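For reference, the chains in residue letters:
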Amino acid sequence: MVRLTGLKKIKCSVFISGTGSNLKSLIQFSNKKNSPISIELIISDNFNAKGLKFGKIYKISNKVFNYKNKSIAEKRIFSEIKKKKIKLICLAGFMKILSKKFIKNFKGEILNIHPSLLPKYKGLNTHQRVISNGEKYSGCTVHFVNSRLDSGKIILQKKVKISKGETAKSLAKKILIQEHILYPKAIKKVFSL
Ligand code: GRF
């Protein structure tokens, strides 16, 4: 756990590619008085990401980077987060894998949320694979990011029961509700005021 002194909040950037419902829940969490983080920047690789609207709604700056050339995109992102003195990156449905170099050079914490009970079901198409395998439970995990996909140290997990007749869509919906609770909890566990 990183103990913070006084009321200095950790400057955070959230990386998204799509809907941004986790982004929204993180913004609402950061706006609470006793939250240890302040969200200063939203980063995306997708100009059409729906979640970018939350930047406008909550008046947080948005930056979208063209990922045609990953190494150039990462260099630009790096300089942006350095400029804003970002010390925490929260990946929230960000569909690009950060390079080893980026992870090594960033002097702060990088967290990710994944919709399964890691180490099970890393990668994409999680819910369908869980259902096809006849699992009784699934869930979500917040973990530190390292250079291997969905493999960093686990911070918190929430288990969700799979109902009879569950579909990938209904399971995704159920788990997403828990993700919105779990991500702020995990941040509180890592950083405390
Ligand atoms: C979430 O299920 C998250 O766990 C996964 O991608 C999804 C993003 O959803 N990595 P949203 O964009 O936060 O609504």
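Here we summarise the structure given alongside this text. Just so you know, these numbers come straight off a predicted model, no measurement behind them.

What about the site of the ligand?
- Every residue near the ligand is listed here: T19, G20, S21, N22, G93, I113, H114, P115, L176 and E179.
- S21 is positioned with one of its side-chain polar atoms (N or O) 2.5 Å from an oxygen atom of the ligand.
- A distance of 3.2 Å separates a nitrogen atom of the ligand from a polar atom in the backbone of I113.
- Summarising the interface, the protein chains cover 81% of the accessible area of the ligand, which totals 370 Å² for the free molecule.
- Class assignment of the residues belonging to the shell around the ligand gives a composition of three nonpolar, six polar and one charged.

Considering the sheet that holds strand 7 (residues 137–144)
- Ordered in space as 4-3-2-5-6-7-8, the seven strands form an open sheet in which the pairing is mixed. Every interior strand has two partners, whereas the edge strands, strand 4 (61–64) and strand 8 (154–161), have only one. Neighbour-to-neighbour, the strand axes of this sheet turn through a mean angle of 20°, independent of strand direction.
- Here helix 1 (residues 21–30) sits on the sheet and contacts strand 2 (10–16), strand 3 (37–44), strand 5 (88–91) and strand 6 (109–114); the angle it forms with strand 3, its principal contact strand, is near 155°.
- Against the sheet, helix 3 (residues 70–83) touches strand 2, strand 3, strand 4 and strand 5, its axis set at about 160° to strand 3.

Cut-offs and rules
Residues numbered from 1 in each chain as written. Predicted model: local features only at pLDDT ≥ 70, side-chain atom pairs only at ≥ 80, totals over all residues. Heavy atoms only, no water. Near = heavy atom within 4 Å. Polar contact = N/O pair within 3.5 Å; in protein donor to acceptor, adjacent residues only side chain to side chain. Areas by Shrake-Rupley, 256 points an atom, 1.4 Å probe, with all protein chains shown as cover. Nonpolar A, V, L, I, M, F, W, Y, C, P; charged D, E, K, R; others polar. Pairing = 2+ DSSP bridges. Helix = DSSP H or I, 4+ residues; strand = E, 2+ residues; numbered from the N terminus. Axes fitted to C-alpha atoms, helices over the stretch in contact; angles between N-to-C directions. Contact = heavy atoms within 4.5 Å.

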